[in-house]
Amino acid sequence: MPEALPAKADHVDVLIVGAGPAGLMLANWLSRFDMKTRIVDKRGTKIISGQADGLQCRTLEIFDSFGFGHRAWRESNRMLEVCFWNPDRDGVLRRSDRIADTISGISRFQLAVLHQGRIERFLLDSIKEHSDITVERGVMPTAFEFDESKAANFADYPIVVTLRTLSDEEATPAQRQQHYRNADGTQSVISDGLFQSNLVADDTDDLIRMAKDNNHAHPVETVKAKFMVGCDGAHSWVRHQLGFKLEGDSTDYIWGVLDIIPITNFPDIRYRCVVHSANFGSLMVIPRENKLVRLYIQLQVTQHAQNRDSADRSWITPEIILQSAQRIMHPHKIDYTYCDWWTAYRIGQRVGDHFSLQERVFLAGDAVHTHSPKAGQGMNVSMQDTYNLGWKIAHVVKGYSEGSILRTYQSERRRVAQDLIDFDYRLSRLFSTRSAKDTTDKGVSMEELKNTMERGSEFTSGFGVNYGTSVLVAKEGDSVEQGDGTEVAANLSQRVVSKPHLATKIGIGKCIPSFKVLNQSDARPWHLQELLRSNGRWRIIVFPGQLTMPQNMQRMQRLGDQLGSPNSFIRQYTPYSHPIDSLIEVLTVHAGPRTAVELLDLPEAFHPFDEKMGWDYWKVFVDDESHHEGHGQAYVHYGIDPNHGAAVIVRPDQYVSWVGEVDDYDDMARFFSGFMRQQVVSKSDIESRPATSSTV
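Only a predicted model underlies this, so the values are computations on that prediction, with no experimental measurement involved. (Residues numbered from 1 in each chain as written. Predicted model: local features only at pLDDT ≥ 70, side-chain atom pairs only at ≥ 80, totals over all residues. Heavy atoms only, no water.)

As for the overall build of the protein
- Along its length, the protein carries 19 helices and 30 strands.
- Taken across its 696 residues, the protein has 59% of its residues classed as buried.
- In the protein, the proportion of contacts linking residues at least 24 apart, taken out of those at least 6 apart, comes to 75%.
- As displayed, the protein has an accessible area near 28,200 Å², and 47% of this comes from carbon and sulfur atoms. (Helix = DSSP H or I, 4+ residues; strand = E, 2+ residues; numbered from the N terminus. Buried < 20%, exposed > 50% of the residue type's maximum accessible area, 1.4 Å probe, protein only. Contact = heavy atoms within 4.5 Å. Areas by Shrake-Rupley, 256 points an atom, 1.4 Å probe, with all protein chains shown as cover.)

Given below as structure tokens:
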């Protein structure tokens, strides 16, 4: 017997388990912070085809904030309209209605679709561009220890995990191979997607057992971590180690999925469609990139299938799924010669009872919430989980913030998951129940389905998320009621409450809407959201109103003097070796006219000076008419009076924390004092600090 390979040891800031979209989004965030991060995945290869494909507007804005939104937008297919097909009084399938697929004006992006493999590629490229983090594939954790005595010290390593490297055979999931017809008459072999479906038992325990049996053949490593995040799917190994559970229900509804190039006479095949047949169930049509169309198809469980054991999936084949689609779409015909991917799943809605262990081990994505794909939320909500979490972990590790901000992750994201589960429950049952023939029928009213989709559009787009009051969100109310039941409010002595009447259309706790503004220095139009790059910075956005009004300019001068003071809270919280705008950046959007204001007439705090780089010309903007792209009307859309103005604090993840008076420096300072850590600096450090770090 060969000698056992010696176990290696490593210390990391963050260990990420699972390299799907949630795990990669987290690694992408952390790549911006120069932190020791490792990400492992038990599968030997990344997703090549299939899996999730919907990209909601908010997700595309997040991609854009990282610098690769244009890649997804260019390659994806846009879905602008939803068509509803239902049987008429004679039982014949007909188009009954159509609605817009995205709320008009909610974003400069619309709902788009692109397969998960490309999205993961964009994230991997972004990670590589900013760090040396790489995905370690064919590596899985097999043992976990947690030292509670170290949990309160965020500089310590309370987590110990054993990692094992799998063989190529172990890291490759077992799949059934299927032969498909190609257009030229040849046969292709395409792997099914059932191995990642909720119809399939998890293979983690089997892999751990095989890895231990092969202990002498494959390396073993011990990793000590400050934080660990489980992004390892619905069968999450990390969740099981913590003893946490998913709570909720599954149904008997089984749906098949085909990614095909369709051969059909169905007229709306390039629209998103909801199709209800009279007697054979329903399906959804999702037009994809590269001529593909995804069909979500309700399977009619035949007697052949009912006689089999519930764990037996052999009856589910592409042919069975296609036959169900053909029955639902009759009298229209549909067939294919090319299938890119297929799978099947059982509808269920479940959410985790806990999202973290003492704010040191976290769960995200499918590890803490599972639901149907009908609302196009799975990949989006999963990535938005870790988009919420990533900057919080980084700010604690880097010493910028107190650990109290980490408690807001469960409060905010578990509430989102609960709201999603409730919405998906209603939507899935409307999809899976036959349509009503008339007002006396007990079937589903198609008007009810349409109204549910319309009402849920803001939520599904990502812009309906509304975080409750907390140490990070200064609004009235009780944090327990507004969140998931977790207490995350600021101390009474530090609690600040916003003045929402100053910006009536900016939701405190919601993502700040984006409208076009002009750069004061060169008249170039920008969407405000484009200025809020995901680089870990807080933003104070000052809307001083019309600066031609003396009282508004005086307030602007007063705030500038306070923010620019050597003793300002911005300087107190910014490490001395960092540029002054690296942690809290000040942006200005005045109400115009642009030509009535000179940039250099404003206090230096609004356009910092650097001896090597000169003035910063990319921090002052104006709500005014552009030469070629019209007027953004930002003050109107934000509900801000240009005669008075307002100030807004925006989190690094672009959610609104506080709204108040333009010159309410004391409230701003008190808000940040609730969670920021003062940096020890000397006067010489302050004087030698770089003024600005980058431009747009």
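Once the structure has been displayed, the description carries forward.
So, the environment of P141
- Positionally, P141 belongs in strand β9 (residues 139-146).
- Along the primary structure P141 and T222 are separated by 81 residues, whereas in three dimensions their C-alpha atoms are 9.5 Å apart.

Describing helix α2 (residues 57-66)
- Of all the ten residues making up α2, ten are buried; the element is thus mostly covered by neighbouring parts of the structure.
- For α2, the set of buried residues is C57, R58, T59, L60, E61, I62, F63, D64, S65 and F66.
- Following α2 by one or two positions, G67 adopts a phi angle in the positive range, close to 100°.

Re the sheet that holds strand β24 (residues 538-543)
- The sheet built from seven strands is open, its strands ordered β23-β22-β28-β25-β24-β29-β30 with mixed pairing. In this open sheet, the two strands that pair with only one neighbour each are β23 (525-527) and β30 (656-660). Put simply, the sheet's adjacent strands are angled 30° from each other on average, direction ignored.
- Across four bridges, the pairing between strand β29 (residues 646-650) and β30 is antiparallel. Directly across from V650, in β30, lies its bridge partner V656. (Pairing = 2+ DSSP bridges. Axes fitted to C-alpha atoms, helices over the stretch in contact; angles between N-to-C directions.)

Here we look at the side chain of T59
- Within the secondary structure, T59 sits in helix α2.
- With sequence-adjacent residues up to four places away left out, T59 is seen in contact with N380, M383 and Q384.

Thoughts on the pattern of salt bridges
- All chains considered together, the criterion is met by 39 salt bridges.
- R38 is the salt-bridge partner of E136, the closest N and O atoms lying 2.6 Å from each other. Of this pair, E136 sits in strand β8 (residues 135-137) while R38 sits in strand β2 (residues 37-41), placing them 98 residues apart in sequence.
- Using a relative accessible area of 10% as the deciding quantity, one classes R38 as buried.
- Measuring nitrogen to oxygen at the nearest pair gives 2.8 Å for the salt bridge that ties E75 to R118. Of this pair, E75 sits in helix α3 (residues 69-75) while R118 sits in helix α4 (residues 116-130), and the two are 43 residues apart along the sequence. (Salt bridge = Lys/Arg side-chain N within 4 Å of Asp/Glu carboxyl O.)

Digging into the packing of helix α1 (residues 21-30) against α4
- Close contact between α1 and α4 brings their axes to 9 Å; oriented N to C, the two are set at 20°. What the angle tells us is that α1 and α4 run roughly parallel. As for the relative orientation of α1 and α4, their crossing is left-handed in sense. Listed contacts from α4 to P21, L24, M25, A27 and N28 of α1 are Q116, E120, L123, L124, S126 and I127.
- When its residues are assigned to classes, the contact of α1 with α4 shows seven nonpolar, three polar and one charged. (Parallel < 35°, antiparallel > 145°, perpendicular 65-115°, else oblique. Left-handed = near helix turned anticlockwise from the far one by under 90°. Nonpolar A, V, L, I, M, F, W, Y, C, P; charged D, E, K, R; others polar.)

Re the pairing of β2
- Counting buried residues along β2, five of its five residues qualify, which places the element largely inside the surrounding structure.
- Neither face of β2 is open: one carries T37, I39 and D41, the other R38 and V40, and all of them are buried.
- Of the crossover connections in this fold, the one passing from strand β1 (residues 8-17) over α1 to the parallel β2 is right-handed. (Right-handed = clockwise from strand over helix to strand, strands pointing away.)

Remarks on the environment of A474
- On the secondary structure map, A474 appears in the loop between α13 (457-461) and α14 (479-482).
- For A474, a relative accessible area of 2% corresponds to the buried category.
- In sequence terms A474 and G509 are 35 residues apart; their C-alpha atoms lie 8.1 Å from each other.
- Look past the residues within four positions of A474 in its chain and what remains in contact with it is V496, V497, S498, I508, S657, W658 and F671.

Some points on unusual backbone geometry
- In this chain, H330 is followed by P331 through a cis amide linkage whose omega measures 15°.
- Along the chain, P331 turns up in the loop between α9 (318-329) and β18 (334-352).
- Of note, the bond from G592 into P593 is cis; its omega dihedral lies within 30 degrees of zero at 0°.
- With a phi angle near 60°, E359 is a residue other than glycine that sits in the positive phi range.
- Along the chain, the position of E359 falls in the loop between β19 (356-357) and β20 (361-363).

Considerations on the sheet that holds strand β4 (residues 77-78)
- Spatial ordering of the open sheet is given by β3-β7-β4, a layout of three strands whose pairing is antiparallel. Strand pairing shows two members of the sheet lacking a second neighbour, β3 (54-55) and β4, which therefore form its edges.
- Summarising the sheet, β4 and strand β7 (residues 112-113) pair through two bridges and their orientation is antiparallel. Along β7, the bridge assignment pairs R78 with A112.

Quick look at the side chain of D101
- Mapping D101 onto the fold places it in the loop between β6 (93-100) and β7.
- In terms of polar contacts, D101 uses its side chain to reach the side chain of R272, at 2.8 Å.
- Every residue in contact with D101, bar those within four places of it in the chain, is listed here: M79, L80, E81, V82, L111, R272 and S457. (Polar contact = N/O pair within 3.5 Å; in protein donor to acceptor, adjacent residues only side chain to side chain.)

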